[in-house]
Structures are given as structure tokens and as C-alpha cells.
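# Descriptive structure summary
One letter stands for each residue in the lines below.
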Amino acid sequence: MNEQQAGDALPSAEHHEGAFRPMSELIRARDEQGIDITRGGPHYGEYIEQVRGLMDRVRLSAPSDELAVEAIGLLKQLNDKLDAALVTEWSTPNWTRHDLPARGNITLPPFIIDHAGRDGVDARITFRTYHLGGNNAAHGGQVAIAFDDLLGMAAAVYAGAVTRTASLTVDYRSITPLRTELQVHAWAERQEGRKVYVRATLKDGDRLCAEANGLFIVLKPGQP
């Protein structure tokens, strides 16, 4: 996704006084410089990757009592250090780091955007060990999370405005494998007033893993 496409979908100054508001610095940066991909610094991407690696390992770990106690101590120390780096949701780097998979957001399965425009969003996504549902397949809820984010992106770019999910339906057609690069295509079918109707597919090559349809609502200025 390029800076113009991403910028069109970010909240503007009109939303600043409502619950859905970025910091004034973010608004000015978008207006003056475009999307900021430096927030968090040059090591932010590796930082997020190491956190993802930890999540993968914890998902399948069965530590001994000794290892569990040691890990708890180390994690407590790390959490205490990270307390000093906490910021608001509008200041976090994963709001603007479109140069990183899933913007560096660890709550999302990592994806890379190949194209984003009014004709739709194309992305490559990989569900990792952390996203395991069972028998080496991605959890259905994780598939839904991926659809929700990418459909929201398609709706926002199509409408050129901030949107929020009103409804989302996912149909699971076949197994969604882990550790495999998959293809997502999300697009807006039409817009009726503030309502944006969207659809998406998730494929492993030619095989359809899942598809979704949803309704997103364009937010009014100041609307949460």
C-alpha cells in the first residue's frame, strides 16, 4: 500500500474531537508529510518479529517447572522495562508502519499488501504457529480477524473515509494451512450512503480456503 492509499483511509482532523481521534501530531504529519513509517525507529520491525516468535513458541510449549519459573522472571523484567515505553493507541507505531507486515500489529496474522485501491485490496498472508486451531490448520477466529482488517481496509480505501465493521460473515470452505503464504482479495461491491458492502476470498493457490462478506459504516465526524 502506498502512502496516498493509506493516508486516504486514516482519520482526519474532522474526527479529532470525537472518540475516534488520532493525536494532533499524527494529523499534521499526514497532512504535511504523508504516512510516517519511521515511528518506532529502524528496529521496530525486528522487535515485532521477535515478539511473534515468542508467541509461536509459547503456543506449543510445555515448560518444566524450572523453565517456567525462569521464563516468568524474565518476562516480568521485560514487562517492567516496557512500561516505560507505553504510549496511547494513537501514538503506537503500528498505526502508521505500512512498511511492515500487518503494520507491525501483533494482534493480526502478518500480511503484506501488494495492491490497495478502489478496485480492491490484494494481500499475501501467513498464519503462524500462534494462530493454530488444530491439526496444523489456522483457527477460524484468526481467519475472521484477518478478513475483518483487510475488508475494513478495502471499505476505507473505497469510501475514502474512516469505517467501522457493522457485520461480518465468514464461510469456511476448506482447511486454511499454517506457515503457508496465502492470497487474500478484498473488495467493495457498492456503497449506499454511509454503508459500504464488501467481499473477500482467502486462497491457497487455486483452492478456496474461506470467503467473507460484510457491511462497514462510514463514520461521521467525531463518531466513535
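Predicted model, so just to flag it, every value in this text is computed and none were measured.

Take unusual backbone geometry next. For N135, which is not glycine, the phi torsion reads 55° and is therefore positive. With respect to the secondary-structure elements, N135 resides in the loop between β3 (132-134) and β4 (137-138). One non-glycine residue, R179, adopts positive backbone phi at about 55°. Note on placement: R179 falls in the loop between β5 (163-172) and β6 (181-192).

Ranked by size, the top nonpolar core spans 37 residues in total, and within it F127, F147 and L202 carry the most contacts. If you list the elements that add at least two residues to this core, you get β1 (111-117), β2 (120-126), α5 (140-159), β6, β7 (195-204) and β8 (207-218).

With that settled, the discussion passes to the pattern of salt bridges. Within the structure shown, the criterion is met by eleven salt bridges. Taking the shortest distance from any N to any O, the salt bridge between E181 and R124 comes out at 3.5 Å. In this pair, E181 is assigned in strand β6 and R124 in strand β2, connecting sequence segments 57 residues apart. Judged by its relative accessible area of 43%, E181 is partly exposed.

A word on the packing of aromatic side chains. Tallying each qualifying case throughout the model produces one aromatic pair. Its guanidinium or amino end placed over the ring of Y158, R118 lies 4.0 Å from that ring's centre, counting from NZ or CZ. Across from the ring centre of Y197, 4.0 Å away, lies the NZ or CZ of R190, which sits over that ring.

For the rest of this paragraph, the subject is the pairing of β8. With respect to burial, β8 is a largely interior element, nine of its twelve residues being buried. Pairing analysis gives nine bridges linking β5 to β8, with the strands arranged antiparallel. Across the sheet, residue T165 finds its bridge partner in β8, namely F216. The pairing of β7 with β8 spans ten bridges and is antiparallel.

On to the side chain of R97, then. Counting through the fold element by element, R97 comes out in the loop between α4 (65-82) and β1. Classification of R97 by relative accessible area gives buried; the value is 5%. Separated by 3.2 Å, the side chain of R97 and the backbone oxygen of G41 make a polar contact.

Here helix α3 (residues 44-59) is 16 residues long and its end C-alpha atoms lie 23 Å apart, about the 22 Å a rise of 1.5 Å per residue gives. All of the buried residues along α3 are Y44, I48, R52, G53, M55 and D56.

Conventions used here
Residue numbering note: each chain is counted from 1, following its sequence as written. Only residues with pLDDT of at least 70 get local features here, since the model is predicted, and only at 80 or more are side-chain atom pairs given and counted; chain-wide, interface and lining totals rely on the full set of residues. The side-chain values count all of the structure's non-hydrogen atoms but skip hydrogen atoms and water molecules. A run of DSSP states H or I qualifies as a helix once it reaches four residues; a run of E qualifies as a strand once it reaches two. Both are numbered from the N-terminal end. In plain words, nonpolar cores are sets of buried Ala, Val, Leu, Ile, Met, Phe, Trp, Tyr and Cys residues tied together by side-chain atoms within 4.5 Å. The buried label applies to any residue whose accessible area, calculated with a 1.4 Å probe on protein chains only, is under 20% of its type's maximum; exposed applies above 50%, and partly exposed to all values in between. Salt bridges are counted wherever a side-chain nitrogen of Lys or Arg sits within 4 Å of a carboxyl oxygen of Asp or Glu. Each pair of aromatic rings taken from Phe, Tyr and Trp, with Trp reduced to its six-membered ring, is defined by centres within 6.5 Å and is described as stacked if the planes are under 30 degrees apart, edge-to-face if over 60, and tilted in the remaining cases. The criterion for a charge sitting over a ring is simple: Lys NZ or Arg CZ within 6 Å of the ring centre, and within 35 degrees of the ring normal. A pair of strands counts as paired when DSSP detects no fewer than two bridges linking them. Think of a polar contact as two N or O atoms within 3.5 Å of one another; within protein, one of them needs to be a possible hydrogen donor and the other a possible acceptor, and neighboring residues in sequence only count if both atoms come from side chains. Helix span, as expected, comes to 1.5 Å for every residue beyond the first.

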